[in-house]
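Observations on chain architecture
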Amino acid sequence: MDTINDDKYKAKDIFTFEFVKTVLKGVGQVMFQNNALTGLLFLIGIFWGAFEEGLPHVAWGAVIGVVVSTLTGCLLGLSKKDGEIGLWGFNGALVGCGIFTFLGSSFYSWVALILCAAMTTWVRVGFNNLLAPFKINSLTFPFVFSTWIFLLAARAMKGLDVEHLATPLLPGYFDFDVHMGFGNLIIYWLKGIGQVFLINSWVTGLFFIAALFVSNRYSAIWAMVASALSLFTAIIFRAVGLDIENGLFGFSAVLTGIALGSTFYTTNLKSSIWCIIGIVITVFIQAAMDILFTPMGLPTLTAPFCVATWLFLLPLFKWNKDKTGG
Amino acid sequence: MDTINDDKYKAKDIFTFEFVKTVLKGVGQVMFQNNALTGLLFLIGIFWGAFEEGLPHVAWGAVIGVVVSTLTGCLLGLSKKDGEIGLWGFNGALVGCGIFTFLGSSFYSWVALILCAAMTTWVRVGFNNLLAPFKINSLTFPFVFSTWIFLLAARAMKGLDVEHLATPLLPGYFDFDVHMGFGNLIIYWLKGIGQVFLINSWVTGLFFIAALFVSNRYSAIWAMVASALSLFTAIIFRAVGLDIENGLFGFSAVLTGIALGSTFYTTNLKSSIWCIIGIVITVFIQAAMDILFTPMGLPTLTAPFCVATWLFLLPLFKWNKDKTGG
Amino acid sequence: MDTINDDKYKAKDIFTFEFVKTVLKGVGQVMFQNNALTGLLFLIGIFWGAFEEGLPHVAWGAVIGVVVSTLTGCLLGLSKKDGEIGLWGFNGALVGCGIFTFLGSSFYSWVALILCAAMTTWVRVGFNNLLAPFKINSLTFPFVFSTWIFLLAARAMKGLDVEHLATPLLPGYFDFDVHMGFGNLIIYWLKGIGQVFLINSWVTGLFFIAALFVSNRYSAIWAMVASALSLFTAIIFRAVGLDIENGLFGFSAVLTGIALGSTFYTTNLKSSIWCIIGIVITVFIQAAMDILFTPMGLPTLTAPFCVATWLFLLPLFKWNKDKTGG
């Protein structure tokens, strides 16, 4: 639990090429990749998609977010150990996308983004302390928790604009009216991957797959399997059509797939079956949390991935000789 | 935390009379009874009540649920230690009643039941790992948590039929308009016991009392005391009338009574006072959670029992020389 | 975790002047002050404000609450160690204010108050056992949790009167229409401090500041800074106007300020910056929880303070040589 030692960043370390790589690794770690090139390709995908959607501030948000949360780790004097492999930054990158997607870009949302991104860095240390006895870690939950605070608070603050958040409603009627056809399905499948960074673009999904292949082909394959399987599950159970078409049943499942399939376990027969069940269960947790938060108009963010992955890691089953899934 | 050892079930163990007893003990463990005959009598009570209500699939659900979750323990290769006393199965039995009571019987709800029942087995291992440092266990919370996921998800999936779930509403007006009279009160009192398995039948309550007496007379007595005391408390505070008449303030209190009165403590003066307070508090937790979930139209299931029992075990008070309540 | 030893209160200890001081310290501990005079001044402030508001039962509730929960500690035979410095009583004092503020005074609300105040004493032992491995404690959460149960339950029980609770609504429109002017701002600032005990009176705020100065001038200063800073933050972000005017963005921030600024850390440059960030974040958590509970019409009580303080203590940063913030 000793989170502070002498191996810290100095001011001079920050204006180096090494530090740029650290920041890029932060983007890569959103999907568990300790790889600066992967992070760069993720960013390119994010910029492509954000500009395509007419939301360029979302892409800039990702950049600001990852930089702010990485610098916060330096300022707090945390041990370099986590920092240099990008573990301070990934929550901040997601905060940047999340805050700007839902609250738009304004003076206030910039302040919120900076506060929220900074906050994820120490919230992560705190949550990891909480979870350490159980041999699991906080995954993207620092992003989820901190962003929830600002998104909910926005509804009680006129300074923050909530028009991009869903209207609070009691759960009720919805349409299952998905436009099938092979081309459409491919688009939903790719969007499911792009939505990991809240980007609603199939091109972004392609960039993300390429980015994963650069670092770890198992991760790339599990991301593709997970998005397909979650799409299939959502269609079979005839889930909310609009969400299916926008890839919103995919992103959490993609993260569960990468986590269980190629991060906390290495891929073998048993771990693959475990991972596939985990992906399917993630779809139900996604649907459940969508409903749970309907009256507050709050998005689930990647919480379904966190909950599912914790559920599948907590039993500490050993599907690999050398790994307990912790 | 080592949940896997060599003492596992083999395929040949499954087609034996011993295994049938294990499954029946699973039903018995819903009320903490390691007794196959008790489980059998519970099942008879469930079948009687379910057929009387015109919901035979609920009874079959209990059977399928307990078998699926018990087999899941075998498939996962868990240590026999918990399995042979029915601890893999009780959550599954409740899942069977819960899923079919609220989602009806359809192809999709059968799939949901099987997934959900299987899931409880490893969720229980995970939750027990979470709670072990605090010397408490997960009680029926694996059933509660897993079933909540599928019941909430059902509102976002046209495949699953939600017409048996309460309509999502903002908490508001209700009637206290209970038909008193000794005969009616006896019926509500017995229904409070029958509702432990979600069965709305006073005859089922009688079967359950008999089943408890077969195994442990203290458990039977505490179940009767708890249902009476919770009924009394709900009437005094003039709680929702329809729920009182259907025994819905009783079932969690009955479980709290058995847990605190005759399971985690043995019955003596101090532990009895403690148990009685626990039963009364359970009624308020039941009412509170009913309101908390009104906007999502989600039933509390046995969560009030879990919360109350944890609150009364966590302080680790030693009311018995040899037991700390853990 | 051994909460019971031989150093307990005897019946004869209860009718002593020492015991009166213990009860007063209980009131003082609401703001972390182990000081009977501070507790007495708090009580005077509470009585002044409650009578001014025409709600004298709220002041009597505080007295009954602190006495009931302190006596519960004696009855449970807990070790004197916590008791004699008022740690059994502070949750009960808040319960007294909370139950009577929101449920009015009636036979039923008196029963609820006594049950709820008593309950906080063992819930505190239980929650502290839960949090001990993480080197944090339960703060005022036993009050929050127990009172939530009774406030929610009240909506399902005609015996308890809910007309003083907010109407359950979906989050929606609100006014930011704060009457500015220096005099008004001073009133809102003082009300922010008075609301720690749910008292809507600026005179009460003055009493509380004086009471804090008697015990610890850093605590007094941090309370004043926190109320001012939270007021400023809420105005800048144009939060719900009526809540700003009633000091409802202040009380949790005041507690965070005292906790981080002068209780778990001693005041130095680094800990002060940490505390200031904590106060600002508390405002967002307050707004977020207000929205989260809108559909149930449930007040946050001091939960935002607990959540914020835990978030800032969990990382275990050492801003003082001798203190880890635990």
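Residues numbered from 1 in each chain as written. Chains lettered and ligands numbered in written order. Predicted model: local features only at pLDDT ≥ 70, side-chain atom pairs only at ≥ 80, totals over all residues. Heavy atoms only, no water.

1. Focus: the overall build of chain A
Scanning chain A from terminus to terminus reveals 14 helices and zero strands. Going from N to C terminus, chain A has its helices and strands arranged as α-α-α-α-α-α-α-α-α-α-α-α-α-α. Relative to the 2.2 N^0.38 estimate, which gives 20 Å for 326 residues, the radius of gyration of chain A is 19 Å and therefore close to what a compact globule would have. In chain A, which comprises 326 residues, the proportion classed as buried is 65%. In chain A, once contacts between residues fewer than 6 apart in sequence are set aside, the share between residues at least 24 apart is 73%. The positive charge centre, built from 18 side chains, and the negative charge centre, built from 17, are 11 Å apart in chain A. (Helix = DSSP H or I, 4+ residues; strand = E, 2+ residues; numbered from the N terminus. Rg over C-alpha atoms; globule rule 2.2 N^0.38 Å. Buried < 20%, exposed > 50% of the residue type's maximum accessible area, 1.4 Å probe, protein only. Contact = heavy atoms within 4.5 Å. Lys, Arg positive; Asp, Glu negative; His and termini not counted. Charge placed at Lys NZ, Arg CZ, Asp CG, Glu CD.)

2. Digging into unusual backbone geometry
Although it is not a glycine, Leu316(A) adopts a positive phi angle of roughly 60 degrees. The exposure class of Leu316(A) is buried, given its relative accessible area of 9%. For Arg238(C), which is not a glycine, the phi torsion comes out positive at approximately 50 degrees. Assignment of secondary structure puts Arg238(C) in the loop between α10 (217-236) and α11 (241-245). Exposure remark for Arg238(C): the relative accessible area of 31% places this residue in the partly exposed category.

3. Quick notes on the relation of the copies chain A and chain B
One copy of the chain maps onto the other through a rotation about an axis followed by a shift along the same axis. Between the two copies, chain A and chain B, the superposition gives an RMSD of 0.0 Å; the rotation angle is 120 degrees and the shift along the axis is 0.0 Å. On this basis, the relationship between the two copies can be described by a three-fold rotation axis. Identified as the residue of chain A closest to the rotation axis by C-alpha distance is Pro295(A), at 4.0 Å. (Least-squares fit on C-alpha atoms with pLDDT ≥ 70 in both.)

4. Points about helix α8 (residues 182-194) of chain A
Owing to its 3.6 residues per turn, the α-helix aligns residues three or four sequence positions apart on the same side. If you check α8(A), its first and last C-alpha atoms are 19 Å apart, about what 13 residues at 1.5 Å a residue would give, namely 18 Å. Those residues of α8(A) that are buried are in contact with α9 (202-215), α10 (217-236), α11 (241-245) and α12 (251-263) of chain A. (Expected span 1.5 Å × (residues − 1).)

5. Observations regarding the nonpolar core
A general trend in soluble globular proteins is that nonpolar side chains are found buried together. In terms of nonpolar packing, the biggest core is built from 374 residues, with Met31(A), Phe197(A), Met31(B), Phe150(B), Phe197(B), Met31(C) and Phe197(C) touching the most fellow members. Among the elements that make up this core, the one with the highest residue count is helix α6 (residues 107-131) of chain B (13 residues). Contact partners of Phe197(C), with chain neighbours within four places excluded, come to Val27(C), Val30(C), Met31(C), Phe42(C), Ile46(C), Ala93(C), Leu94(C), Cys97(C) and Phe208(C). (Core = buried A, V, L, I, M, F, W, Y, C linked by side-chain atoms within 4.5 Å.)

6. As for the environment of Phe174(C)
By the secondary structure assignment, Phe174(C) is in the loop between α7 (141-154) and α8 (182-194). We classify Phe174(C) as buried; its relative accessible area is 14%. Separated by 66 residues in sequence, Phe174(C) and Val240(C) place their C-alpha atoms 6.2 Å apart. The contact partners of Phe174(C), leaving out residues within four places of it in the chain, are Arg155(A), Ala156(A), Met157(A), Lys158(A), Arg238(C), Ala239(C) and Val240(C).

7. Remarks on the packing of helix α2 (residues 36-52) of chain A against helix α3 (residues 56-75) of chain A
All names here are of chain A. In the contact formed by α2 and α3, the axes pass within 7 Å of each other and the chain directions differ by 155 degrees. Judged by the angle between their axes, α2 and α3 are roughly antiparallel. Touching Leu 43, Ile 46, Phe 47, Ala 50 and Phe 51 of α2 are Pro 56, Val 58, Ala 59, Trp 60, Ala 62 and Val 63, all from α3. (Axes fitted to C-alpha atoms, helices over the stretch in contact; angles between N-to-C directions. Parallel < 35°, antiparallel > 145°, perpendicular 65-115°, else oblique.)

8. Quick notes on the domain arrangement of chain A
All names here are of chain A. Structurally, chain A comprises domain 1 (11-154) and domain 2 (182-313). The interface of domain 1 with domain 2 comprises 38 residues on the first partner and 37 residues on the second. When the buried surface of domain 1 facing domain 2 is broken down by residue, Met 31, Phe 32 and Trp 148 rank first, second and third, together holding 20% of it. On the surface where domain 1 and domain 2 come into contact, there are ten residue pairs in polar contact (both at pLDDT 80 or more). For the side of domain 1 that touches domain 2, the per-class residue count stands at 25 nonpolar, eleven polar and two charged. (Domains from an automatic or database assignment. Buried area = accessible area lost by both parts, 1.4 Å probe. Polar contact = N/O pair within 3.5 Å; in protein donor to acceptor, adjacent residues only side chain to side chain. Nonpolar A, V, L, I, M, F, W, Y, C, P; charged D, E, K, R; others polar.)

9. Details of the pattern of salt bridges
Oppositely charged side chains can form a pair if their charged atoms are brought close together. Residue and element names in this part refer to chain B. Here the structure, examined in full by the defined rule, presents twelve salt bridges over all chains. The partner of Lys 80 in a salt bridge is Asp 13, and the shortest N-O contact between them spans 3.9 Å. Taken together, the residues span a long stretch of sequence, with Lys 80 in helix α4 (residues 80-83) and Asp 13 in the segment before α1 (17-28) at a distance of 67 residues. On the accessibility criterion, Lys 80 (18% relative accessible area) is buried. For Asp 13, a relative accessible area of 16% gives the class buried. (Salt bridge = Lys/Arg side-chain N within 4 Å of Asp/Glu carboxyl O.)

10. Concerning the interface of chain A and chain B
The partner chain B presents 34 residues to the 36 residues of chain A that form the contact. Between chain A and chain B lies a buried interface of about 3,200 Å² when both sides are counted; carbon and sulfur atoms form 81% of it. Between the two partners, chain A and chain B, sit zero salt bridges. On inspection of chain A and its partner chain B, the count reaches six residue pairs in polar contact (both at pLDDT 80 or more).

11. A look at a nonpolar patch on the surface
Residues and elements named next belong to chain A. Side chains of Leu 37, Leu 40, Ile 44 and Val 214 sit close together on the surface and give an oily, nonpolar patch of about 310 Å² of accessible area. Of all the elements, α2 adds the most residues to the nonpolar patch, at three residues. Tracing the backbone shows Val 214 in helix α9. (Patch = residues over 30% accessible without salt bridge, like charges linked within 9 Å, V, L, I, M, F, W, Y side chains within 5 Å. Areas by Shrake-Rupley, 256 points an atom, 1.4 Å probe, with all protein chains shown as cover.)

12. Details of the interface of chain C and chain A
Listed as interface residues are 36 residues of chain C and, on the opposing side, 34 residues of chain A. Of the roughly 3,200 Å² buried between chain C and chain A, counting both surfaces, carbon and sulfur atoms make up 81%. At the boundary of chain C with chain A, the tally comes to zero salt bridges. If you list the elements that add at least two residues to the side of chain C that touches chain A, you get α13 (269-292) and α14 (303-313) of chain C. Top contributing element to the side of chain C that touches chain A by residue count: α13(C), with eleven residues. Taken together, the residues that form the side of chain C that touches chain A break down as 32 nonpolar, one polar and three charged.

13. Examining the packing of aromatic side chains
Scanning the model with the defined rule gives 81 aromatic pairs over all chains in all. Taking the centre distance of 4.7 Å and the plane angle of 35 degrees together, the rings of Phe284(A) and Phe150(B) count as tilted. Of this pair, Phe284(A) sits in helix α13 (residues 269-292) while Phe150(B) sits in helix α7 (residues 141-154), on two different chains. Residue classification places Phe150(B) among the buried positions, given a relative accessible area of 0%. Judged by centre distance (5.4 Å) and plane angle (70 degrees), the ring pair of Trp274(B) and Phe317(B) falls under edge-to-face. Residue Trp274(B) is found in helix α13 (residues 269-292), and its partner Phe317(B) is found in the segment after α14 (303-313); the two are separated by 43 residues along the sequence. (Phe/Tyr/Trp six-rings, centres within 6.5 Å; stacked < 30°, edge-to-face > 60°.)

14. Here's the deal with helix α5 (residues 90-103) of chain B
Residues and elements named next belong to chain B. With 14 residues, α5 should cover 20 Å at 1.5 Å per step; its first-to-last C-alpha distance of 20 Å lies within 8% of that length. For α5, a buried count of 13 out of 14 residues is recorded, marking the element as mostly surrounded by other parts of the structure. Of the residues trailing α5, Gly 104 is marked for its positive phi of about 65 degrees.

15. Side note on the side chain of Asn128(B)
All names here are of chain B. For Asn 128, the position within the fold is in helix α6. Given a relative accessible area of 16%, Asn 128 falls into the buried group. Contact partners of Asn 128, with chain neighbours within four places excluded, come to Asn 137 and Ser 138.

16. A word on the side chain of Thr72(B)
Residues and elements named next belong to chain B. Note on placement: Thr 72 falls in helix α3 (residues 56-75). Of the polar contacts made by the side chain of Thr 72, one reaches the backbone oxygen of Val 68; its length is 2.7 Å. Setting aside anything within four residues of it in sequence, one finds Thr 72 in contact with Ala 118, Thr 121 and Trp 122.

17. Some thoughts on the packing of α1(B) against α3(B)
All names here are of chain B. Packing of α1 against α3 leaves a shortest axis separation of 10 Å and a crossing angle of 115 degrees. Handedness of the crossing formed by α1 with α3: right-handed. For the pair α1 and α3, the contacting residues are Phe 19, Thr 22, Val 23, Gly 26 and Val 27 in the first and Val 66, Val 67, Thr 70, Leu 71 and Cys 74 in the second. Split by residue class, the contact of α1 with α3 holds seven nonpolar, three polar and no charged. (Left-handed = near helix turned anticlockwise from the far one by under 90°.)

18. Some points on the state of the cysteines
All names here are of chain C. Counted by the stated rule, this structure contains zero disulfides over all chains. Distance from the sulfur of Cys 97, which forms no disulfide, to the nearest cysteine sulfur (Cys 116) is 12 Å. Take Cys 275: it sits in no disulfide, and the sulfur closest to it among the cysteines is that of Cys 306, at 15 Å. On the basis of relative accessible area, Cys 275 is assigned to the buried category, the value being 0%. (Disulfide = S-S within 2.5 Å.)

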